[in-house]
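If you want the building blocks of each chain, they are given just below.
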Amino acid sequence: MKGSTIFRFTKWALVLAVAVLGVGLAPAHADTVFTVSGTFSNGSILGGTITINTTLGTVTASTLAITVVSPNSFPFVVAGVLGQGPDSPGYFADFTTVSNGTSSSVPLLSLVFQTATDSLVGYSGGSLCTQSSGCGDPSEYILNGAESPLFIFLNSGTVAPATISTPEPASLLLLGMGLAGVGLLRRKRRMANA
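Residues numbered from 1 in each chain as written. Predicted model: local features only at pLDDT ≥ 70, side-chain atom pairs only at ≥ 80, totals over all residues. Heavy atoms only, no water.

Undergrad: So what's going on with the pairing of strand β11 (residues 151-161)? Which residues, and what values?
TA: Pairing between strand β1 (residues 31-40) and β11: seven bridges, direction antiparallel. Bridged to Phe34 within β11 is Pro161. Here strand β9 (residues 126-127) pairs with β11 via two bridges, running antiparallel. Each residue of the ladder has a partner; that of Ser127, found in β11, is Thr158. Of the strand pairs in this sheet, strand β10 (residues 140-142) and β11 are connected by three bridges, and their pairing is antiparallel. Counterpart to Glu140 in the pairing with β11 is Phe153. (Pairing = 2+ DSSP bridges. Helix = DSSP H or I, 4+ residues; strand = E, 2+ residues; numbered from the N terminus.)

Here it is as structure tokens:
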């Protein structure tokens, strides 16, 4: 009676381990972090990271900032995604910004990604559209806001996958389940020999 209980428990532990293995093989999430860098026509510098869900093809987060050097030097922090979508050819993402502690509701930064499919599904990095690249609207930021807009266009810009290590809890769970199964098998054999 005791041996059959251990066998049943071991069988269910193995079934659970196989289920965990199946979950572990599936992607945990499709968010990919990219490093963004670029230079604008007035010498301002774009830098930071952007997170793209490459399964859905959407920008989900950003830590972008622009260091404006002309006419005065001040930080221009990207606050959040305002809108995004296809921009044939390419894909655009408009962002609100915070400048000198004041948040703006107009899109003061517009990035246009060079893509072959007008989508970010499966995106793995590349260039941002500039005035000279000929791919739809160029990436730009607006310096003076909606009252008297001054459009500053991107001269060069790249988007590259960031090297960020991500822990894999499913692998650790699988290892733990495997060790528990081995322990139960050893216990079963000891009880059978006793």
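Undergrad: Please provide a residue-by-residue account of the packing of aromatic side chains, values included.
TA: With the rule as written, the count across this model stands at three aromatic pairs. Between the aromatic rings of Phe40 and Tyr141, the centroid separation amounts to 4.7 Å while the plane-to-plane angle is 85°, which identifies the pairing as edge-to-face. Pair noted here: Phe40 is in strand β1 and Tyr141 is in strand β10, with a separation of 101 residues, a long-range link. You can call Phe40 buried: its relative accessible area is 1%. An aromatic cluster of at least three residues, connected via ring pairs, comprises Phe34, Phe113 and Tyr123. (Phe/Tyr/Trp six-rings, centres within 6.5 Å; stacked < 30°, edge-to-face > 60°. Buried < 20%, exposed > 50% of the residue type's maximum accessible area, 1.4 Å probe, protein only.)

Undergrad: Just give me the short version of the pairing of strand β8 (residues 109-113), but keep the residues and values in it.
TA: In terms of residue burial, β8 counts as a mostly covered element, since five of its five residues are buried. The side-chain alternation of β8 yields two buried faces, one formed by Leu109, Leu111 and Phe113 and the other by Ser110 and Val112. One ladder, built from two bridges, connects β8 with β10; its direction is antiparallel. By the bridge assignment, Leu109 is partnered in β10 with Tyr141.

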